[in-house]
Amino acid sequence: MQYALSDGVYLMTLERGELAVATLQQFATTKGIKNGYFTGIGAVDQLTCGYYDLAQKQYYFTEYHDLVEVVSLTGNIFLKDGTPFVHVHGVFTNTTNAAFGGHIVEMRVGVTLEVVFTPLASAHTRVPNECIGLALVELPQSFPAEPSVG
Amino acid sequence: MQYALSDGVYLMTLERGELAVATLQQFATTKGIKNGYFTGIGAVDQLTCGYYDLAQKQYYFTEYHDLVEVVSLTGNIFLKDGTPFVHVHGVFTNTTNAAFGGHIVEMRVGVTLEVVFTPLASAHTRVPNECIGLALVELPQSFPAEPSVG
Amino acid sequence: MQYALSDGVYLMTLERGELAVATLQQFATTKGIKNGYFTGIGAVDQLTCGYYDLAQKQYYFTEYHDLVEVVSLTGNIFLKDGTPFVHVHGVFTNTTNAAFGGHIVEMRVGVTLEVVFTPLASAHTRVPNECIGLALVELPQSFPAEPSVG
């Protein structure tokens, strides 16, 4: 991965063969970035993505082994168990231009992956939620504001 | 909805059961935010979205009642009739990972919805456009610049 | 195209009939913007998009002539041969709400196109890559850091 810090955002280009999620997670860890968000476009040639089944409280993933365009990548980084965790969803198109996607486990760059990553100074964290079965982001303020007691 | 202001952007997590568009619109109204833009990922279990038919000058919407991944959410806020109005398009994936979407009327959070919302200090507004049949954003500068008269 | 600079980002509305990629590229050139990134939503009525075939080292494009929703637009600007070059991927939905898309050559605005464009002060550039067959963004830093020699 090559990168540059420009006006407070990291411009990144991941190279063919790199694992995108692992690389972003390692980058955040190395740089001490605890929160942030990113978008990206490019093409990948290995991909595992899918959906969450709330009734079963588990993900169902499919593996893809063709070169596909990354037409939309939207992700964030929050702490989870004390380290930066990448949560990213993506849309991909194949040789018919049909779109598919979901929650991304990992994907390997096939041509290039161009990412704009905005680091944040905050350190908000994910906390396991038993009802949902996932670690959800907890943030300090509520809207609508919780009525005060007493 | 929980939120935090971090380096000028609002990090937000909407909870299962919340109506996303209404909540974002109420948030902007309460905070006095007249313009802004956002992205988001998550999962929703009720959704109304569709497309605009320019010839008929009307929207055609479909309702969905399954849990689907929100793989891309791109939206903005401009004033309309004096109050903040949310315009948002989304891409969703189902249990086959197939993608669909469109212009979103409303959607109910099914698992979580993680939004990064950037407020802006400006107060640009939508104005009804008779040719198009919609209220379109009007901005003060033109490109290419209009030739000056005289 | 109408636009406004708000808190360092350009809000833009492209009008029915405008060519989106050419307009963004001309805007960047005129304003002397060498790097930047953008997102957008709207609807277009002419579109050429497709995918890159790495084995053949060429793009395969399809033309569309129907009004479709632009549900996600993610793009960047880097220099290429000394001038600003727009690289943009998009997701579109038709009258069945089905999603398709890919690497965009050009698209003509059908209803409106609302873009949030963030200009950057840097001047990073694309450089032809023979292995890939495309001009890829080159950035000055490596991650993981290249081991120093000696």
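Residues numbered from 1 in each chain as written. Chains lettered and ligands numbered in written order. Predicted model: local features only at pLDDT ≥ 70, side-chain atom pairs only at ≥ 80, totals over all residues. Heavy atoms only, no water.

(A) Highlighting the packing of aromatic side chains. Tallied over the full model, the rule gives 33 aromatic pairs over all chains. Here Tyr-51 of chain A and Tyr-60 of chain A contribute two aromatic rings whose centre-to-centre distance is 5.7 Å and whose plane-to-plane angle is 20 degrees, an arrangement assigned as stacked. Residue Tyr-60 of chain A is classed as partly exposed on the basis of its relative accessible area, which comes to 32%. Where Tyr-59 of chain C meets Phe-61 of chain C, the ring centres are 5.1 Å apart and the plane angle is 15 degrees; that geometry is what we call stacked. When its relative accessible area of 23% is taken as the criterion, Tyr-59 of chain C is described as partly exposed. Among the residues examined, Phe-61 of chain C registers a relative accessible area of 38% and is labelled partly exposed. Chaining the aromatic ring pairs together yields one cluster made of Tyr-3, Tyr-10, Phe-27, Phe-38 and Phe-117 of chain A together with Phe-143 of chain C. (Phe/Tyr/Trp six-rings, centres within 6.5 Å; stacked < 30°, edge-to-face > 60°. Buried < 20%, exposed > 50% of the residue type's maximum accessible area, 1.4 Å probe, protein only.)

(B) A look at the confidence of the model for chain A. Residue-level pLDDT values for chain A average 96, and 97% of them are 70 or greater. Prediction confidence for the complex, expressed as pTM and ipTM, is 0.97 and 0.96 respectively. (pLDDT = per-residue confidence, 0-100.)

(C) Just helix α1 (residues 20–31) of chain B, in detail. Residue and element names in this part refer to chain B. Spanning twelve residues, α1 covers 16 Å between terminal C-alpha atoms, matching the ideal 16 Å at 1.5 Å per step. Within α1 the residues assigned to the buried category are Ala-20, Val-21, Thr-23, Leu-24, Phe-27 and Ala-28. Burial along α1 is one-sided: seen end-on, the buried residues are contained in an arc of 165 degrees. Close packing links the buried residues of α1 with β1 (2–6), β2 (9–15), β3 (35–53), β5 (68–80), β6 (83–93) and β7 (99–120). Taken from the residues just after α1, Gly-32 is the one with a positive phi, measuring 70 degrees. (Helix = DSSP H or I, 4+ residues; strand = E, 2+ residues; numbered from the N terminus. Expected span 1.5 Å × (residues − 1). Arc of directions from axis to C-beta. Contact = heavy atoms within 4.5 Å.)

(D) Quick peek at the interface of chain C and chain B. Each side of the interface is counted separately: chain C has 38 residues, and chain B has 40 residues. Three residues, Tyr-3, Glu-69 and Asn-97 of chain C, lead the burial of chain C against chain B; their summed loss comes to 20% of the area buried on that side. Across the salt bridge formed by Glu-114 of chain C and Arg-126 of chain B, the nearest N and O atoms sit 2.9 Å from each other. Here chain C is connected to chain B by 14 residue pairs in polar contact (both at pLDDT 80 or more). For the side of chain C that touches chain B, the elements supplying multiple residues, two or more each, are β1 (2–6), β2 (9–15), α1 (20–31), β3 (35–53), β5 (68–80), β6 (83–93) and β7 (99–120) of chain C. The residue makeup of the side of chain C that touches chain B, split by class, is 16 nonpolar, 17 polar and five charged. (Buried area = accessible area lost by both parts, 1.4 Å probe. Salt bridge = Lys/Arg side-chain N within 4 Å of Asp/Glu carboxyl O. Polar contact = N/O pair within 3.5 Å; in protein donor to acceptor, adjacent residues only side chain to side chain. Nonpolar A, V, L, I, M, F, W, Y, C, P; charged D, E, K, R; others polar.)

(E) Molecular detail of the interface of chain C and chain A. On the side of chain A, 38 residues touch chain C, which itself brings 40 residues to the contact. Summed over both partners, the interface of chain C with chain A buries about 3,000 Å², with 63% contributed by carbon and sulfur atoms. Where chain C packs against chain A, one counts one salt bridge. The set of elements that each furnish at least two residues to the side of chain C that touches chain A consists of β3, β4 (58–64), β5, β6, β7, β9 (134–138) and β10 (141–142) of chain C. Broken down by element, the side of chain C that touches chain A gets its largest block of residues, seven residues, from β7 of chain C. A class-by-class count of the residues in the side of chain C that touches chain A yields 21 nonpolar, 17 polar and two charged. As judged from the two bridges shared by strand β1 (residues 2–6) of chain A and β10 of chain C, these two strands associate in the antiparallel manner. (Pairing = 2+ DSSP bridges.)

(F) Local environment of the side chain of Thr-13 of chain A. Structurally, the position occupied by Thr-13 of chain A is in strand β2 (residues 9–15). Those residues in contact with Thr-13 of chain A that lie beyond four places of it in its chain are Met-1, Gln-2, Glu-18, Thr-112, Leu-113 and Glu-114 of chain A together with Val-137 and Leu-139 of chain C.

(G) Structural view of the pairing of strand β4 (residues 58–64) of chain A. All names here are of chain A. Note: strand β3 (residues 35–53) against β4, seven bridges, orientation antiparallel. Counted as the bridge partner of Asp-53 is Gln-58 from β4. Hairpin connection between β3 and β4: a loop of four residues separates the two successive antiparallel strands, and Lys-57 in this loop has a positive phi of roughly 50 degrees.

(H) Geometry of the relation of the copies chain C and chain A. When chain C is brought onto chain A, the operation consists of a screw motion whose angular component is 120 degrees and whose axial shift is 0.0 Å, with 0.0 Å RMSD remaining. Here the transformation between the copies is reduced to the relation of a three-fold axis. Looking at the rotation axis and the C-alpha trace of chain C, the residue lying nearest is Ala-99 of chain C, at 3.1 Å. The residues that chain C uses at the interface reappear at the interface of chain A in only 8% of cases, marking distinct surfaces. (Least-squares fit on C-alpha atoms with pLDDT ≥ 70 in both.)

(I) Here's a closer look at the environment of Tyr-51 of chain C. Structurally, the position occupied by Tyr-51 of chain C is in strand β3. Assessed through its relative accessible area of 17%, Tyr-51 of chain C is described here as buried. A sequence separation of eleven residues divides Tyr-51 of chain C from Thr-62 of chain C, and the C-alpha atoms of the two residues are 9.2 Å apart. Those residues in contact with Tyr-51 of chain C, other than ones at most four positions away along the chain, are Glu-69, Asn-94, Thr-95 and Asn-97 of chain A together with Gln-58, Tyr-59 and Tyr-60 of chain C.

(J) Spotlight on unusual backbone geometry. Following Phe-143 of chain A, the chain continues to Pro-144 of chain A via a peptide bond in cis, the omega torsion being -10 degrees. For Pro-144 of chain A, the location among the structural elements is in the segment after β10 (141–142). Notably, Lys-57 of chain C is not glycine yet its phi reads approximately 50 degrees, a positive angle. Within the secondary structure, Lys-57 of chain C is located in the loop between β3 and β4.

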